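Descriptive structure summary
The residues making up each chain are set out below.
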Protein chains: 2
Amino acid sequence: MELSAPQEDYLETIGHLCRENGAARVSEIAARHGVSTATVVGALRSLKQRNLLCQPPYGQITLTREGQAAAESVMARHAALHAFLVGVLGVDGPTAERDACRIEHDVSPATLRRLIALERFLARGPWADLDWRGEFERFLATEEQQGATG
Amino acid sequence: MELSAPQEDYLETIGHLCRENGAARVSEIAARHGVSTATVVGALRSLKQRNLLCQPPYGQITLTREGQAAAESVMARHAALHAFLVGVLGVDGPTAERDACRIEHDVSPATLRRLIALERFLARGPWADLDWRGEFERFLATEEQQGATG
DNA sequence: GTGCTAAGTTAGTAGGGCCTAACTTCGGGG
DNA sequence: CCCCGAAGTTAGGCCCTACTAACTTAGCAC
């Protein structure tokens, strides 16, 4: 079975917390997701059954090797999407963050690969100096004017 | 309450069926989603409670004005994403279809607006002739070679 | 070492999505 | 006209997500 979107989200958060503090806590995960601790406990149960993390009763949460890999996969997708949204589409930070959090669960490997490549190609390659960004923003502004008028 | 992803999917399919045939049938919706008719009946119940569609017992399904608007919103998001995936990222048809089907439920209005604009800007504007597509594909091929080697 | 508080856990509720199995209804062919 | 098959519906079950409320445990303060 594949992981559900919430399961991937929790795993991702645990990955971040492990990086920051060496381990994660139920209350911290719950706080970051705006969810009750009971909900997190339930989610952890199935992640444990899948051998993605370890947690002694009432103790700290750490990722197994397998869980670490899964968490990093989600984090990588998230980072790639975020970079694309900001660096290519020019979406503002908070919106990019929210969208990346949701889309990361759905995007196929093929599309992700192209998305990463396009970001490198357009936003960091030789084209980055070509001011296509500026021209695009002007194009957007014009469209919005038309939308407001028509 | 907002619609869930499956609810939006069913609504979208009903929208297409209404366009094609003037009305939708439970069996046809179920077939297109690879799901049992019982599942569709359950989903229709909540969509009816939300006043998005009408269906006399054992009868044909039609959208209310409100349901029509909701269905068109989903279809528009889908179409925009598909056009972007194919026209800008160069993703193949079936993959673009699958990704659009999933991402359409998650993308924010702000991001969608920019995505549509970038597609128009890059794939249909003056830049369309500039062979950035060709250069991007070559860039992609190079990257893949490096990935396979490293 | 005794409590108190914060953290974690469990139980029970609610709703959604999916299934199968059993049923009702509809509509056309004999 | 009757009956059969196809379409729709209902009932019941399973799993997931989330909640609140009640509980246990852990760890620090005194």
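Just so it is clear, the structure is predicted and the values come from calculations on it, not from any experiment.

**What to know about the protein's contact with DNA strand C**
Around DNA strand C sit 20 residues in total, of which Ser 27 and Ala 38 of chain A together with Ser 36, Ala 38 and Thr 39 of chain B are the nearest. Mapped by element, the contributors of at least two residues to the surface near DNA strand C are helix 2 (26-33) and helix 3 (37-49) of chain A together with helix 1 (5-21) and helix 3 (37-49) of chain B. Here the surface near DNA strand C gets 5 residues from one element, more than from any other, and that element is helix 3 of chain B. Tallied by class, residues from the surface near DNA strand C come to 10 nonpolar, 9 polar and 1 charged.

**Description of the relation of the copies chain A and chain B**
The relation between the two copies of this chain is a rotation about an axis and a shift parallel to it. Between chain A and chain B, which share one sequence, the superposing operator has a rotation angle of 179° and an axial displacement of 0.0 Å; the RMSD is 0.1 Å. On the angle and the small slide along the axis, the relation comes out as a two-fold axis. Across chain A, the rotation axis passes nearest the C-alpha of Ile 103 of chain A, at a separation of 3.0 Å. With an isologous cut-off of 70% or more, the 100% of interface residues of chain A that recur at the interface of chain B puts this contact in the isologous class.

**Looking at the protein's contact with DNA strand D**
If you check the shell around DNA strand D, you find 20 residues, and the closest are Ser 4, Ala 38 and Thr 39 of chain A together with Ser 27 and Ala 38 of chain B. Looking at the surface near DNA strand D, the elements that each hand over two or more residues are helix 1 (5-21) and helix 3 of chain A together with helix 2 (26-33) and helix 3 of chain B. No other element matches the 5 residues that helix 3 of chain A contributes to the surface near DNA strand D.

**Focus on the environment of Arg 45 of chain A**
Inspection of the secondary structure assignment puts Arg 45 of chain A in helix 3. Linking Arg 45 of chain A and Leu 140 of chain A, residues 95 residues apart in sequence, is a C-alpha distance of 47 Å.

Reading the values: the criteria
Residues numbered from 1 in each chain as written. Chains lettered and ligands numbered in written order. Predicted model: local features only at pLDDT ≥ 70, side-chain atom pairs only at ≥ 80, totals over all residues. Near = placed C-beta within 6 Å. Helix = DSSP H or I, 4+ residues; strand = E, 2+ residues; numbered from the N terminus. Nonpolar A, V, L, I, M, F, W, Y, C, P; charged D, E, K, R; others polar. Least-squares fit on C-alpha atoms with pLDDT ≥ 70 in both. Contact = placed C-beta atoms within 7 Å.

By themselves these figures say nothing about function.
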